[in-house]
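For reference, the chains in residue letters:
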Amino acid sequence: MLFVDCKMVDILRGRRRLRVSVCKPPCSFWFLLLFGVGGLVLFIHLQDLSDMVLQQAPGVKFRGSTQSRQEQCAQFSDRVNQRSEEGDIDPISPMQLPDSQWKRQAATPGSREHDSSSQQVTKRHRKLLKTSPVLRPHTNSSQSPSSSSSSRRLSDVQESRRRIIREVCGKYRSNISRTITPHHVSRIYVEDRHKLLYCEVPKAGCSNWKRVLMVLAGVANSTREINHVAVHYDNHLKRLDSFDHQGITKRLETYTKVLFIREPMERLVSAFRDKFESPNSYYHPVFGKPIISKYRVNASQTALKTGSGVTFREFIHYLLDVHRPVGMDIHWEAANQLCSPCHLHYDFIGKVETLEEDANFLLRKIGAPENLAYPSFKDGNPKAARTSTQITQHYFSLLNASERQRAYDFYYMDYLMFNYSKPYKDLY
């Protein structure tokens, strides 16, 4: 009986052990479970990291660290802002995501850029967009960094020239009437197709600028086709004062207003050489005869009859005389008197000293044909050398200090408005 009881106890114990062994999972199960959970956590973490890599700026290397996500985002924003300040990238306002940003580099098979699903805006993207500026690619892929830098430099030059004119007008011409009369716009030519207003300053490249305007207007196909007579006497271009008040006002408000000027003394010498040292059927009798008659002692009858042979000193005496024997002429009138920059706020101020660069920059800005460039050929007296700084100094060396000073005073406002330096050290 005792033996039977012991046997039953053993059987019951065996069942308990069997039940316990069945209910207890093996160690391999727990290992696989932990391995799966760890892999899932790692996958989620790597997914977040890849999202951040997609948002980083070109050239900014991402480094994994134990920092918090907020610290990583802050560092990323600082790096992008630093590159933006250095001019490497152009920031745009937050919450804008340009599609072309994803196409900046050609996609390769196997890369995330090759997968169209990578372009979807994730929560991580939106978080970064709220904390840092997004990069915008240049729309003109053909524009090189050097040309972009040159364009910015020329734009800065234009802003500086406009600012100086505003300051000089505010200081010296603040009390003048702001009413614009036909006289103020009488030297301005109109090109309606490209909405351009050009103020003519003689001896500052005006002949070739008229050729450019004629090509822009469709009058000619090339500047080479237009001769001197067609430029100055065929009236292919309209002047602004030929329009009514409404037409003048509308064009002044909506068109690009352009002015090209030249160093005043050099422009004066150029005008003298062109009109008095070369045969001229108009300036010799109209200006030469009265100048010789008043300022030359013991003038010959031939000189009095023809008006030829006016000297530079005689010409300067005529220019500075308040009782001139003959009136002024646009070829030596001050540029600020011809174009009224204190009344008309010019959008573009070019200079002969940087003529080719300024002119072609302007043509690109107004959308001129790509094959149109400012012509470099000499219009009048093609065999004569261009008036240079050295030639100008030679002519003014024929004058005494008082005459040079008075000539400088005559063009003083041009020197101030257009930021030219004093041409001679003895001037005050």
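All values reported here derive from a predicted model rather than from experimental measurement.

Draft legend 1. How the structure looks around the state of the cysteines. Within this structure, the stated rule accounts for two disulfides. Covalent S-S linkage joins Cys 169 and Cys 342, the inter-sulfur distance amounting to 2.0 Å. Torsion about the S-S bond of the Cys 169 and Cys 342 cystine: about -85°, corresponding to left-handed handedness. In this pair, Cys 169 sits in helix H5 (residues 145-172) while Cys 342 sits in the loop between helix H13 (335-339) and strand S7 (348-351), placing the two residues 173 residues apart along the sequence. For the pair formed by Cys 169 and Cys 342, the shared burial category is buried. Residue Cys 199 pairs covalently with Cys 339 via a disulfide, S to S 1.9 Å. Measuring handedness by torsion sign, the sulfur bridge of Cys 199 and Cys 339 sits at about -95° and is left-handed. Here Cys 199, found in strand S4 (residues 196-199), pairs with Cys 339, found in helix H13; they are 140 residues apart in sequence, far enough to count as distant.

Draft legend 2. Main features of the pairing of strand S6 (residues 256-261). Along S6, five of the six residues are buried, which leaves the element largely enclosed by surrounding structure. In this structure, S4 lies alongside S6, joined through four bridges in parallel fashion. Considered in S6, the bridge of Leu 196 is made with Thr 256. Bridging between S6 and S7 involves four bridges; their strand directions are parallel. Across the sheet, Ile 261 pairs through a bridge with Lys 351, a residue of S7.

Draft legend 3. Local environment of the sheet that holds S4. What the five strands build is an open sheet, ordered S5-S3-S4-S6-S7; its pairing is mixed. Strand pairing shows two members of the sheet lacking a second neighbour, strand S5 (238-239) and S7, which therefore form its edges. The sheet contacts of helix H6 (residues 206-216) involve strand S3 (188-191), S4 and S6, and relative to S4 the element is tilted by about 165°.

Reading the values: the criteria
- Residues numbered from 1 in each chain as written.
- Predicted model: local features only at pLDDT ≥ 70, side-chain atom pairs only at ≥ 80, totals over all residues.
- Heavy atoms only, no water.
- Disulfide = S-S within 2.5 Å.
- Helix = DSSP H or I, 4+ residues; strand = E, 2+ residues; numbered from the N terminus.
- Buried < 20%, exposed > 50% of the residue type's maximum accessible area, 1.4 Å probe, protein only.
- Pairing = 2+ DSSP bridges.
- Contact = heavy atoms within 4.5 Å.
- Axes fitted to C-alpha atoms, helices over the stretch in contact; angles between N-to-C directions.

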